[in-house]
Amino acid sequence: MAKLLILYDSQTGNTEKMAQAVVEGAQSVPGVEVELKYYASSDELAKAAAVVFGTPTYHHEITLPIKQILEEAAKAGVKLEGKIGAAFGSYGWSGEAPDKVLEILKNRFGMKTIEPPIKVLYDPKQPQLDECRKLGARIAQEIVEK
Ligand SMILES: Cc1cc2nc3c(=O)[nH]c(=O)nc-3n(C[C@H](O)[C@H](O)[C@H](O)COP(=O)(O)O)c2cc1C
């Protein structure tokens, strides 16, 4: 079964709510294995058909746990070319972390990225959570049809 991996970090729970909505959307599509985690090894990344990263913006940056996953994958030479990649995250004023993740997924790993990323100012409300659900469902649909 095609696997959709959702990896996220969240200090105060805002990005976590978004991650859970992405999972709900993905689970609405039959035939996809959906996994939500804080961390995935390079082997796990290699086995996924699509990877979605959730990162809040702290100090204008992707948070360290997410950076670590990306750096390990780059070092291990994980092949992610052509796989679907997406990003989302909560922010307070600048919100560049999900954009940076997408840039890495596209330019470093050659992933097929879904743009723009979903960015939410602080606490996500229903319409924004719906957007996250739609993203999860869209990606699940794409990998199930492959
Ligand atoms: C120490 C600190 C630094 C932050 N730096 C940024 C920043 O550079 N840009 C930004 O947009 N938001 C920044 N924020 C706001 C967070 O991104 C925001 O609170 C977000 O909702 C946190 O998401 P989380 O609940 O998933 O951790 C910062 C917050 C804190 C506490």
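The following paragraphs examine the structure supplied in this document. (Residues numbered from 1 in each chain as written. Predicted model: local features only at pLDDT ≥ 70, side-chain atom pairs only at ≥ 80, totals over all residues. Heavy atoms only, no water.)

## Here's the deal with the layout of surface pockets
Then step 1. Computed from the structure, the largest pocket encloses a volume of approximately 260 Å³.
Then step 2. Lining the largest pocket are 18 residues, and of these Thr57, Tyr58, Tyr91, Gly92 and Tyr122 sit closest to its centre.
Then step 3. Among the secondary structure elements, those contributing two or more residues to the lining of the largest pocket are α1 (14-27) and β4 (84-91).
Then step 4. Here the residues of the lining of the largest pocket sort into five nonpolar, 13 polar and no charged. (1 Å grid on protein atoms, 1.4 Å probe; cavity = no way out; pocket = protein on both sides within 12 Å on 5 of 7 lines; lining within 4 Å. Points joined across faces, edges and corners; volume = space filled by probe spheres on them. Helix = DSSP H or I, 4+ residues; strand = E, 2+ residues; numbered from the N terminus. Nonpolar A, V, L, I, M, F, W, Y, C, P; charged D, E, K, R; others polar.)

## Observations regarding unusual backbone geometry
Then step 1. Glu115 connects to Pro116 through a cis peptide bond whose omega is -5°.
Then step 2. Mapping Pro116 onto the fold places it in the loop between β5 (112-113) and β6 (118-121).
Then step 3. Positioned with a positive phi, His59 is a non-glycine residue whose angle comes to about 55°.
Then step 4. Position of His59 relative to the elements: it lies in the loop between β3 (50-54) and α3 (64-76).
Then step 5. Take His59: its relative accessible area is 74%, and that puts it in the exposed class.
Then step 6. Even without being glycine, Tyr122 reaches a positive phi, approximately 55°. (Buried < 20%, exposed > 50% of the residue type's maximum accessible area, 1.4 Å probe, protein only.)

## Brief notes about the pairing of strand β1 (residues 2-8)
Then step 1. Most of β1 sits inside the fold, with six of its seven residues counted as buried.
Then step 2. The parallel pair β1 and strand β2 (residues 32-37), bridged by α1, forms a crossover whose chirality is right-handed.
Then step 3. By the bridge criterion, five bridges tie β1 to β3 in an arrangement that is parallel. Residue pairing in the sheet places Leu4 in a bridge with Ala50 of β3. (Right-handed = clockwise from strand over helix to strand, strands pointing away. Pairing = 2+ DSSP bridges.)

## Some remarks on the site of the ligand
Then step 1. By nearness alone, 18 residues border the ligand, and Ser10, Thr12, Thr57, Ser90 and Ser94 come closest of all.
Then step 2. Ser90 has a polar side-chain atom sitting 2.6 Å from an oxygen atom of the ligand.
Then step 3. Taking Ser94, its main chain carries an N or O atom lying 2.6 Å from an oxygen atom of the ligand.
Then step 4. Here the ligand has 640 Å² of accessible area as a free molecule, and 82% of this is covered by the chains.
Then step 5. Counting atoms within 2 Å of the grid points, the majority share of the ligand lands in the largest pocket. (Near = heavy atom within 4 Å. Polar contact = N/O pair within 3.5 Å; in protein donor to acceptor, adjacent residues only side chain to side chain. Areas by Shrake-Rupley, 256 points an atom, 1.4 Å probe, with all protein chains shown as cover. Sits in = over half its atoms within 2 Å of the grid points.)

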